[in-house]
Amino acid sequence: MAVYQGKGVYGAVAIGKVSVFQRQAAEVRRVRVEDPAGELARVEQAKAIAVEQLSAIHEKALKEVGEANAEIFEIHIMMLDDEDYNDSIRSIIETQGVNAEYAVAVTSDNFAEMFAAMDDAYMQARSADVKDISNRLIACLSGSGSEGDSGSEKMIVCADDLAPSETVSLDKERVLAFVTAAGSSNSHTAILARNMNIPAVIGVGQAFLDSIKDGDLLIVDGHTGEVYTDPDEETVRRMEQKQAEDARKKQLLQELKGKENVTLDGTKVKIFANIGGVGNIGAVLANDAGGIGLFRSEFLYLESEDYPTEEEQFSAYKKVLESMAGKQVVVRTLDIGADKQIGYFNLDKEDNPALGFRAIRICLTRPEIFRTQLRALYRASAFGDLGIMFPMITSVSEVEKCIAMCEQVKEELKSEGIRFNSDTEIGIMIETPAAAVISDRLAPMVDFFSVGTNDLTQYTLACDRQNAKLEPFVNTHHEAVLRLIEMAAKNAHANGAWIGICGELAADTSLTETFLRMGIDELSVSPPFVLPLRERVRSLNLRAE
Ligand code: PEP
Ligand code: MG
């Protein structure tokens, strides 16, 4: 047995088998072959596997994200059968006497280029699809495309690091825990693990990865950040006890369901939940959150092969609002860039992405994307209590532009006779020091603030939140961050706005009292933290010195 130390990002214990995360981007080499007919047969076999995989994904998507979003996988199956596509692969294999992988890769490049050059936006979008199906086919040819194959056993996914796009594409039904060699606790992968309610340990180091292989028994202790390889019987027993203890605590917390979030002296606070998509709603309801304080809408874009249409977004927002049955749902407009990269946005590579072209800066520069999202949001506003929130605000003029865009969209919908709630609350994230410092100017313009402590900490302390090496330098309770939050709270209240916290710090129960004393009105946390936070709130007495 060996023990590796990392950082626990979600406190729970997992005991299970290793699945080493495989990146799809296999490098394809051109190889001369003796038997082109054999290569053609391999292509047919790989196609059959790919169709089987896509059908399974289609079925799952139908259940989880609805028909409109699932349709893409049907299109992929049809594309795999396309005559021109198949003719091209066959002709390259036969005329050049080369391997199937190479023929698929060249066909993929040619077709993707051809689609990209077309005038029609729909056809242009097929360029990404052809690359996608070709990558799948290449993975099947090389035997690494085995997703959805081996039964339903949940595994512990081990990787060097996971990008948010990789994390969302994992089959959640099969993930028992995450362990990454690199990574930092405020990275979006860590946040996703918390949202998904699964044990996760990050930053265990490369030596751990070098010591494991698929199928090895592993124990992940998300409380202590310890990871045990080849555990002995005594450790397995001890960890099973810890799991049972966790389950007992969880059970006790269930008794808090339906109870108020009120301190002993009668101060009330709203406890909302953070989500990344429709799929998290079950956890929000199960944990009795009072609303949704942060819907990270960029995950709709990350999970999509192309810009999600107005209709697709409308249906997702409407579903969330309807499921929350009149409770408030705050949707944050698109916040990509930095660590959340999306291929089809074609963003330039930047030296300092956290200080780069991200979030509201992209939306204000590419208004067609922003307008589509705002139209979908306002249309959905007729189906519940929506709040719209803008990320990465640094100036008054950005807020003015956002509000002007909202007004324009409302006018459009009115003239089209489409129903919407004209009183939809508008808010901004306070996640840059600039926004906190000028919060007296920003507060009169909006209905609410929500403090993004993850970015506010990164920018105030000048510590890249993605950089695991900086963890020793990040004091999450730094006085500078707390003073900025307090300043924003005073300015919000002086101007009739409410203020919440939706960064990870909202779940830190050692700060709950501090936040309530500042007058914070709402705390929005990953669903599994709602009840522990309620427990903490109910134990506090703000009158006591
Ligand atoms: C934050 O910055 O605190 C926040 C809530 O947004 P994100 O973590 O998605 O950047
Ligand atoms: Mg942020």
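Residues numbered from 1 in each chain as written. Chains lettered and ligands numbered in written order. Predicted model: local features only at pLDDT ≥ 70, side-chain atom pairs only at ≥ 80, totals over all residues. Heavy atoms only, no water.

Engineer: An account of the overall build of the protein is requested, with residue identities and associated values reported.
Structural biologist: On a plain count of helices and strands, the protein comes out with 20 helices and 16 strands. Its C-alpha atoms give the protein a radius of gyration of 25 Å, within 12% of the compact-globule value 24 Å for 545 residues. With respect to the three principal axes, the spread of C-alpha positions in the protein is 85 × 70 × 40 Å. Across the 545 residues of the protein, 51% fall into the buried class. In the protein, the proportion of contacts linking residues at least 24 apart, taken out of those at least 6 apart, comes to 70%. Carbon and sulfur atoms make up 50% of the accessible area of the protein, which amounts to about 24,100 Å² in all. In the protein, 56 side chains carry a positive charge and 86 a negative one; their mean positions are 6 Å apart. (Helix = DSSP H or I, 4+ residues; strand = E, 2+ residues; numbered from the N terminus. Rg over C-alpha atoms; globule rule 2.2 N^0.38 Å. Buried < 20%, exposed > 50% of the residue type's maximum accessible area, 1.4 Å probe, protein only. Contact = heavy atoms within 4.5 Å. Areas by Shrake-Rupley, 256 points an atom, 1.4 Å probe, with all protein chains shown as cover. Lys, Arg positive; Asp, Glu negative; His and termini not counted. Charge placed at Lys NZ, Arg CZ, Asp CG, Glu CD.)

Engineer: Could you give an account of the nonpolar core, with specific residues and numbers?
Structural biologist: For soluble globular proteins, the rule of thumb is that nonpolar side chains tend to be buried together. Grouped together as the largest cluster of nonpolar side chains are 107 residues, with contacts concentrated most on F178, F345, F390, F449, I485 and F515. Shared between two domains, this core takes at least three residues from each, and those domains are domain 1 (2-22 + 149-241) and domain 3 (262-539). Residues contacting F515, with those up to four places away along its chain left out, are L482, I485, I501, L505, A506, I520 and L523. (Core = buried A, V, L, I, M, F, W, Y, C linked by side-chain atoms within 4.5 Å. Domains from an automatic or database assignment.)

Engineer: Can you explain the domain arrangement of the protein? Please cite residues and give values.
Structural biologist: The figure often quoted for interface size is the accessible area lost as the parts come together. What the domain assignment lists for the protein is domain 1 (2-22 + 149-241), domain 2 (36-141) and domain 3 (262-539). Computed over C-alpha atoms, the centres of domain 2 and domain 3 are 38 Å apart. On the domain 3 side, the residues contacting the nine residues of domain 2 number four residues. Where domain 2 abuts domain 3, roughly 540 Å² becomes buried across the two surfaces, and 41% of that area is made up of carbon and sulfur atoms. Our count for the domain 2 to domain 3 interface comes out at zero salt bridges. For the side of domain 2 that touches domain 3, the element with the highest residue contribution is helix α1 (residues 36-80), accounting for five residues. (Buried area = accessible area lost by both parts, 1.4 Å probe. Salt bridge = Lys/Arg side-chain N within 4 Å of Asp/Glu carboxyl O.)

Engineer: Provide a residue-level description of the pairing of strand β4 (residues 155-159), including the pertinent values.
Structural biologist: Of all five residues making up β4, five are buried, and the element is well covered by its neighbours. Side chains M155, V157 and A159 project from β4 onto one buried face, and the interleaved I156 and C158 project onto a second face that is buried too. Note: β4 against strand β5 (residues 175-180), five bridges, orientation parallel. The residue bridging V157 from the neighbouring strand is F178, located in β5. (Pairing = 2+ DSSP bridges.)

Engineer: Quick rundown of the site of ligand 1? Include the residues and the values.
Structural biologist: Near ligand 1 there are 16 residues, and of these R296, R332, G452, N454 and R465 occur at the shortest range. At a separation of 2.7 Å, an oxygen atom of ligand 1 approaches a polar side-chain atom of R296. At 3.0 Å, a side-chain N or O of E431 approaches an oxygen atom of ligand 1. Here ligand 1 loses 100% of its free accessible area of 290 Å² to cover by the protein chains. Mapped onto the shell around ligand 1, the elements with two or more residues apiece are α6 (188-196), β10 (292-296) and α17 (453-460). Looking at the shell around ligand 1 element by element, the count peaks at three residues for α17. Residue composition of the shell around ligand 1, by class: four nonpolar, five polar and seven charged. (Near = heavy atom within 4 Å. Polar contact = N/O pair within 3.5 Å; in protein donor to acceptor, adjacent residues only side chain to side chain. Nonpolar A, V, L, I, M, F, W, Y, C, P; charged D, E, K, R; others polar.)

Engineer: Mind laying out the pairing of strand β14 (residues 448-451), listing which residues take part and the relevant values?
Structural biologist: Here β14 shows no split at all, with F448 and S450 on one side and F449 and V451 on the other all buried. Two strands pair when backbone bridges link them, and strand β13 (residues 425-430) and β14 are joined in this way by four bridges, in the parallel orientation. Looking across to β14, one finds that G427 is bridged to F448. Here β14 runs beside strand β15 (residues 498-501); their pairing, made up of four bridges, is parallel.

Engineer: Tell me about the coordination of the magnesium ion (ligand 2), residues and numbers included.
Structural biologist: For the magnesium ion (ligand 2), every protein donor is listed as E431 (OE) and D455 (OD), and the spread of their distances is 2.0 to 2.1 Å. Residue E431 is found in the loop between β13 and α15 (433-437), and its partner D455 is found in helix α17; the two are separated by 24 residues along the sequence. As far as burial versus exposure is concerned, E431 and D455 are alike and both buried. (Donors = N, O, S within 2.8 Å, 3.2 Å for Na, K, Ca; no water.)

Engineer: Explain the sheet that holds strand β3 (residues 13-20) to me, and be specific about the residues and the numbers.
Structural biologist: Taken together, eight strands build an open sheet; the order of strands is β1-β8-β7-β3-β4-β5-β6-β2 and the sheet is mixed. The open sheet has two free edges, formed respectively by β1 (2-5) and β2 (7-10), since each of these has just one partner strand. Mean inter-strand twist for the sheet, computed between neighbouring axes without regard to direction, equals 30°. For β1 and strand β8 (residues 226-229), the ladder comprises four bridges, and the chain directions are antiparallel. When the bridges of β8 are listed, V3 appears paired with Y228. Seen against the sheet, α6 touches β2, β5 and β6 (200-202) and runs at an angle of roughly 45° to β2. Packing against the sheet, helix α8 (residues 233-254) makes contact with β3, β7 (217-221) and β8, and its axis sits at approximately 120° to β3. (Axes fitted to C-alpha atoms, helices over the stretch in contact; angles between N-to-C directions.)

Engineer: Any details on the sheet that holds strand β9 (residues 270-275)? Residues and values, ideally.
Structural biologist: The strand order around the closed barrel formed by eight strands is β9-β10-β11-β12-β13-β14-β15-β16, and the pairing between neighbours is parallel. For this sheet, the mean inter-axis angle between neighbouring strands, taken without regard to orientation, is 25°. Against the sheet, helix α18 (residues 479-494) touches β13, β14 and β15, its axis set at about 155° to β15.

Engineer: Which residues make up the packing of aromatic side chains, and what are the values?
Structural biologist: Enumeration according to the criterion identifies twelve aromatic pairs in this entry. On the numbers, 5.5 Å between centres and 70° between planes, the contact of Y4 with F208 is edge-to-face. Pair noted here: Y4 is in strand β1 and F208 is in helix α7 (residues 206-211), with a separation of 204 residues, a long-range link. Assessed through its relative accessible area of 17%, Y4 is described here as buried. On the basis of relative accessible area, F208 is assigned to the buried category, the value being 0%. Among the aromatic residues, those joined into a cluster by ring pairs are Y301, Y307, Y344 and F345. Sitting above the plane of the W498 ring, K270 keeps its charged end 5.4 Å from the centroid. Between R419 and the ring centre of F383, over which it is positioned, the NZ or CZ distance is 5.5 Å. (Phe/Tyr/Trp six-rings, centres within 6.5 Å; stacked < 30°, edge-to-face > 60°. Lys NZ or Arg CZ within 6 Å of the ring centre and 35° of its normal.)

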